[in-house]
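Letter by letter, the chains look like this.
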Amino acid sequence: MNYWLMKSEPDVFGIDDLQQRPQQTEHWDGVRNYQARNMMRDDMKIGDQVFFYHSNCELPGIVGIAEVVKESYPDFTAFDPDDKHFDPKSHPDKPTWFMVDVKFVRKLKRTISLQELKLKPELTDLALVRRGNRLSINPVTQQQWTFILSLE
DNA sequence: GCCAACGTTGGC
DNA sequence: GCCAACGTTGGC
């Protein structure tokens, strides 16, 4: 089983939004970066555990846990000219962009902030805290996963 | 294939 | 709102 961290802006789609969705499940659309796409398309499997991260907000950090419940399929928002993430170069018969479905598992008891994660010597290799990392999806090792949860 | 210009992300 | 760090685009 693999572990991941997925960023979302709480003003757009936060952990509470995921919890309130039908089946507490939502498709992770709108990723328009090839590295992030490759991770979703090739490596994210059903049952993988996901840290839900709030970015671009007052207290950026990990706020909850989700789980992959559907593996890679075409991101249909890329086909919709009215969608914010429309990509005219992606066609239904040969899609450029893919997504997975994630399901709410639980909220953390508290937000484990980016600031706090950066201070931990155990997490210097965490992709999230590496300089210049802007990817919306990051791999997390099992060791990192366990350690971060121990901070809760 | 190079690289300058531009766009985006996201912390601060 | 600023700006560093990337990714993408497009002229050549």
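This report concerns the structure included in the present document. (Residues numbered from 1 in each chain as written. Chains lettered and ligands numbered in written order. Predicted model: local features only at pLDDT ≥ 70, side-chain atom pairs only at ≥ 80, totals over all residues. Heavy atoms only, no water.)

Each helix and strand in chain A was counted, giving 5 helices and 6 strands. In sequence order, chain A lays out its α and β elements as β-α-α-β-α-β-β-β-α-β-α. Expected size for 152 residues packed as a compact globule is a radius of gyration near 15 Å; at 15 Å, chain A falls within 12% of this value. With the principal axes as the frame, chain A shows a C-alpha extent of 45 × 30 × 30 Å. In chain A, which comprises 152 residues, the proportion classed as buried is 46%. (Helix = DSSP H or I, 4+ residues; strand = E, 2+ residues; numbered from the N terminus. Rg over C-alpha atoms; globule rule 2.2 N^0.38 Å. Buried < 20%, exposed > 50% of the residue type's maximum accessible area, 1.4 Å probe, protein only.)

Evaluated as defined, the whole model comprises 7 salt bridges. Salt-bridge contacts for K107 lead to D16; the nearest nitrogen and oxygen are separated by 2.5 Å. Linking K107 in strand β5 (residues 98-113) with D16 in helix α2 (residues 15-20), this pair joins segments that are 91 residues apart in sequence. By relative accessible area, K107 is classed as partly exposed at 38%. A salt bridge links R106 to E152, with the nearest nitrogen and oxygen atoms 2.9 Å apart. Placement of the pair is R106 in strand β5 and E152 in the segment after α5 (142-150), with a sequence separation of 46 residues. (Salt bridge = Lys/Arg side-chain N within 4 Å of Asp/Glu carboxyl O.)

Inspection of the region around DNA strand C gives Y34, Q35, K89, R131, G132 and R134 as its neighbouring residues. Close to the protein, within 4 Å, the atoms of DNA strand C are drawn from sugar and phosphate at a rate of 70%. K89 places a side-chain nitrogen or oxygen 3.1 Å from a phosphate oxygen of DNA strand C. Classifying every residue of the surface near DNA strand C by side-chain character gives 1 nonpolar, 2 polar and 3 charged. (Near = heavy atom within 4 Å. Polar contact = N/O pair within 3.5 Å; in protein donor to acceptor, adjacent residues only side chain to side chain. Nonpolar A, V, L, I, M, F, W, Y, C, P; charged D, E, K, R; others polar.)

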